[in-house]
Amino acid sequence: MDNKKIKKILSNVKSGKVSVADALHELKHFPYEDIGVVKVDHHREMRHGIPEVIFAEGKEIDDVKIIAESMLKKSGKFLITKASKEVYKKVNAICKKHKVQGCYYEKSGVITAGEQKTKKGLIAVLCAGTSDMNISEEACATASFLGSNVESVNDVGVAGLHRIVGARNILSDANVLIVAAGMEGALPSVIGGMTDKPIIAVPTSVGYGTSFGGLTALFSMLNSCVPGIAVMNIDNGFGAGVLAHKINLLAVK
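Rules and cut-offs
Residues numbered from 1 in each chain as written. Predicted model: local features only at pLDDT ≥ 70, side-chain atom pairs only at ≥ 80, totals over all residues. Heavy atoms only, no water. Helix = DSSP H or I, 4+ residues; strand = E, 2+ residues; numbered from the N terminus. Buried < 20%, exposed > 50% of the residue type's maximum accessible area, 1.4 Å probe, protein only. Contact = heavy atoms within 4.5 Å. Areas by Shrake-Rupley, 256 points an atom, 1.4 Å probe, with all protein chains shown as cover. Pairing = 2+ DSSP bridges. Axes fitted to C-alpha atoms, helices over the stretch in contact; angles between N-to-C directions.

**Observations concerning the overall build of the protein chain**
Then comes step 1: Helices and strands together make up the secondary structure of the protein chain, namely 10 helices and 11 strands.
Then comes step 2: A burial count over the protein chain gives 43% of its 253 residues as buried.
Then comes step 3: Long-range contacts, defined as pairs at least 24 residues apart, comprise 65% of the intrachain contacts of the protein chain with a sequence gap of at least 6.
Then comes step 4: For the protein chain, the exposed area adds up to about 13000 Å²; of that, 54% sits on carbon and sulfur atoms.

**Quick word on the sheet that holds strand β5 (residues 102-105)**
Remark on secondary structure: sheet strands pair via backbone hydrogen bonds, oriented parallel or antiparallel.
Then comes step 1: An order of β3-β4-β6-β5 is seen for the 4 strands of this open sheet, with the pairing classed as mixed. Two strands in the sheet have a free side with no partner beyond their single neighbour: β3 (54-55) and β5.
Then comes step 2: Sheet analysis places strand β4 (residues 78-81) next to strand β6 (residues 110-113), joined by 3 bridges and oriented antiparallel. Pairing of I80 across the sheet is with I111, part of β6.
Then comes step 3: Packed on one face of the sheet, helix α4 (residues 61-75) meets β3, β4 and β6 and runs near 155 degrees to β4.

**A short note on the pairing of strand β7 (residues 120-127)**
Then comes step 1: With 6 of 8 residues buried, β7 lies mostly within the body of the structure.
Then comes step 2: By the bridge criterion, 5 bridges tie β7 to strand β8 (residues 148-153) in an arrangement that is parallel. Counted as the bridge partner of L126 is V153 from β8.

In structure tokens, the structure reads:
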């Protein structure tokens, strides 16, 4: 439940359209709803600005379905990360039942429903190689769901850095940049030396043996000589999308 819905309920009580008892029924799950499997935090968006998100990996498919339907009933939307096609099939049936459009991002395993239609500002999401696109897609899908305009720039790693020239207008127009890279994780530092925009670096687990599942890229980004780069956890495109959205909103207010 978001601020708009709560304001509408209170306004209807004030005008007499809704009784106090009915309003109380609508608000009875404040601050959360215990559905047995989980305690769903319906009011997180009101406190935090970002609604609760379902992390599907490690959860039973039916549990994800139950949580998603609870969110859909209360707020008309949800965001699920790290989901399989099987999860999407179950969840999409719920979307059809409630007449809400569901969307599945196959590379990243993100499922969205009830995405914010009005978009603001601009976030540019860059990835070093096509092997990093699952993480950059997660960042794109997250930020777009929350209400930011997003442009993606793929396959512009340091082995062929001249390719970034074609994206110079996007880099200039964006309020914040997300840069995802595996291997040695050099791309955020290079981009950081070319722009005055805030950069959120995302190390990915892509690479050969001594990449150590993304640790080499993580350490490289943390030790960048370019000041002011924020670094997310390995493969955390979702976290990058959330942070970029918050920065983007500050820029357009």
